[in-house]
Amino acid sequence: MKLTSKAAYQEAWAEALNSPEAFWDKVAKEYSWHKPWDKVCSGDFNSLDIKWFEGASLNITENCLDRHLETRGDKTAIIWEANDPNEKEICLTYKELHADVCRFSNVLKDQGVQKGDRVVFYMSMVPELLTGVLACARIGAIHSVVFGGFSAQALAGRVNDCEAKIVVTCDEAFRGGKTIALKAITDEALESCPGVEKVLVRERTGAKVTYKEGRDHKLMELLKDASTTCEPTEMNAEDPLFILYTSGSTGTPKGLMHTTAGYMVWAGFTFENVFQMEENDTYWCSADIGWITGHSYITYGPLLKGATTLMFEGVPTYPAADRFWDVIDKYKVTHFYTAPTAIRALMACDIELVRKHDLSSLKVLGSVGEPINEEAWEWYHKEVGKERCPIVDTWWQTETGGIMISSLAGVTESVPAHATLPMPGIQPLLVDAEGKEVSGSPAEGNLCIEKPWPGIARTIWGNHDRYKETYFTTYPGRYFTGDGAKRDSESRYRITGRVDDVINVSGHRIGTAEVEDAINEHENIIESAVVGFPHEIKGQGIYAYVICQDSSKIEGENIQKELNAHITKMIGPIAKADCVQVVSGLPKTRSGKIMRRILRKIAAKDTGDLGDISTLLNPEVVDEIKKGAGL
Ligand code: WTA
């Protein structure tokens, strides 16, 4: 259902609110199903047994691939652009992609993978990551992609949590001018993963890596000999499709589980309406498939809608800081979707790097992953979109499966730094700290969602209580997003950022507790508190306050290096601290809780009022910390 006017959007939003069953029934009928549903939706945020399209059966890859073969068989489905601009691209038509996915499906089956088994992918952005994910979906296995920047320990934690039987990796990854030793990291991780029976290795750099007899196999050799036909496995609507780990306020990363039919309908519907593509357009989302954006808007969304989607192995700054613009020019990209961090980084480079490329093919620009500041928005609009292209600022989360609040390109208006309007089916509301709804406009508060939508994650893998506790207990009966937001006088939303203990560094979600755990591993650290602070390029940076066992052993620079080595080992380089301050104590309430509000203000070099500190157990420490921070 493509909404092509503002009136159509408003009508759809009202219909999805007033008659959700009739509305989603219509949307879902655009797909092919083995068996239709008995009931469109059931369950709520109290019972938390949410179901969509119950009773139906389908296979999502039939909708991504087979359904297009007759009408779009020879249309390009995937364009793959290598890290090195001199390496030839790979283009796969829908027919070819279908054949490759079938091949991969047969390889997985030969390796003993069965419906319901978990398969972990720890790869770079090679075509086999995308075909592998779809192959899992074709045979009913559950994929869990782990971003290639995570450490061995982080990988092992995820592999064990979802009890994966098989891991697919590369010998090494190319990443700009560097390589990442994915297979060596996998080997290290698997020393503590007794459940893994097989490892498939996609050779990419040709580096010499070790193969463990019986366990490890060369993926490309297996694929070469595999059959290009594979019947799709019939799946129930609520069968799991994938697990994706993400960080939260507390504890270890959570494995959000998405199911088949609702996710499919949501990914397809949001992709079609937010981006408003036409048949011959070329779409490029620069995310990595290791994150939810790469699941919903490189893989499933575009393929469900028969689009041509570009997959990029490299980074924006290699071989030079005009790589994005070069790729847009080379393939005449019409729809470009990236993160504010990338925009801010490229904005800081010589403007000629943008201006020397022909970007006239562009029609729509997108932003995702973190709040986009007005300056970055204006630059993107002017220098990249030449003031012709609407910008869709898409707010959503791993948990939501797809875009929740965004303008629809060229259909509803774009407003700088505002995600603007909710998708049909989404009822946002703002609540105050006490959980009372803040009604009227303008308003500000914590962002909640009122009713289940098709794409919501159904549980945290293996821990339904944690799912309930994390999202539905702060404001009972409502989904709490963890974000703060403002609503303007025309009811358009602006997301202001996380209000919990999650830091958003370059669009990557990092839990403060995870970083603290890593820091506390250091033998000289007694306690630590980690907070985010505003960072010009990354959006937020990581600031760590640490109490040392023996401060005489500390030399300023060294402690940061040593702690970052610990963080890199336990989580990965993406969680490294930008700033480490040694303190003698942390501001705590009488009940022993760290008052992070104070630490956040000091980290932000905010010299204003720190608010009431009289309830602190140790108010004297505040002055010392301020002084140490140079305030
Ligand atoms: C943030 C990424 C402002 C937000 C799709 C959210 C945004 C978290 C936006 C989810 C946006 C995402 N404007 N903030 N357009 N998009 N966020 O799970 O804080 O990696 O809660 O999903 O990113 O990050 P996640």
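See above for the structure.
Residues numbered from 1 in each chain as written. Predicted model: local features only at pLDDT ≥ 70, side-chain atom pairs only at ≥ 80, totals over all residues. Heavy atoms only, no water.

Student: What's the story with the sheet that holds strand E5 (residues 90–93) in this structure? I'm lost.
Tutor: Consider a sheet: its strands pair through backbone hydrogen bonds, and that pairing is either parallel or antiparallel. Pairing in this open sheet of seven strands is mixed, and the strands run E5-E4-E17-E16-E18-E19-E20 from one edge to the other. One side of each edge strand has no neighbouring strand; the edge strands of this open sheet are E5 and strand E20 (391–394). Between one strand axis and the next, the sheet turns through 20° on average, direction left out of account. The pairing of strand E16 (residues 282–285) with strand E18 (residues 335–338) spans three bridges and is classified as parallel. Residue pairing across strands places Cys 285 opposite Tyr 337, the latter belonging to E18. On the sheet, helix H11 (residues 292–304) packs against strand E4 (76–81), E16, strand E17 (308–312), E18 and strand E19 (364–368) and is oriented at approximately 165° with respect to E16. (Pairing = 2+ DSSP bridges. Helix = DSSP H or I, 4+ residues; strand = E, 2+ residues; numbered from the N terminus. Axes fitted to C-alpha atoms, helices over the stretch in contact; angles between N-to-C directions. Contact = heavy atoms within 4.5 Å.)

Student: Help me out: how do you make sense of the nonpolar core in this one?
Tutor: Most often, soluble globular proteins keep nonpolar side chains buried together rather than apart. Grouped together as the largest cluster of nonpolar side chains are 164 residues, with contacts concentrated most on Trp 24, Trp 33, Phe 53, Phe 121, Phe 275 and Tyr 300. Beyond its immediate chain neighbours, meaning those up to four positions away, Phe 275 contacts Thr 270, Tyr 283, Tyr 297, His 335, Tyr 337, Val 364, Val 392, Ile 403 and Ala 409. In this structure, Trp 284, Tyr 331, Leu 365 and Ile 391 belong to the second largest nonpolar core, which totals 28 residues. (Core = buried A, V, L, I, M, F, W, Y, C linked by side-chain atoms within 4.5 Å. Buried < 20%, exposed > 50% of the residue type's maximum accessible area, 1.4 Å probe, protein only.)

Student: Sorry if this is basic, but what is going on with unusual backbone geometry here?
Tutor: Both trends apply: most residues other than glycine have a negative phi, and most peptide bonds are in trans. Cis geometry is found at the peptide bond from Tyr 318 to Pro 319, where omega equals -5°. The residue Pro 319 is located in the loop between E17 and helix H12 (323–331) in this model. For Leu 48, which is not a glycine, the phi torsion comes out positive at approximately 60°. By secondary structure assignment, the location of Leu 48 is in the loop between strand E1 (39–42) and strand E2 (51–54). Its identity as a non-glycine residue notwithstanding, Ser 491 has a phi of 65°, on the positive side.

Student: What's the story with the pattern of salt bridges in this structure? I'm lost.
Tutor: Charged atoms that come close allow side chains of opposite charge to pair. This model, assessed by the stated rule, comprises 46 salt bridges. Residue Arg 72 is joined to Glu 279 by a salt bridge in which the shortest nitrogen-to-oxygen separation is 2.7 Å. Highlighted residues: Arg 72 in helix H4 (residues 69–72) and Glu 279 in the loop between helix H10 (260–275) and E16, separated in sequence by 207 residues. Judged by its relative accessible area of 38%, Glu 279 falls in the partly exposed class. Between Glu 374 and Arg 494 there is a salt bridge, and its shortest N-O distance comes to 3.1 Å. Placement of Glu 374 in helix H15 (residues 374–384) and of Arg 494 in strand E25 (residues 493–498) is noted, with a sequence separation of 120 residues between them. (Salt bridge = Lys/Arg side-chain N within 4 Å of Asp/Glu carboxyl O.)

By themselves, these are just geometric observations and shouldn't be taken as functional.
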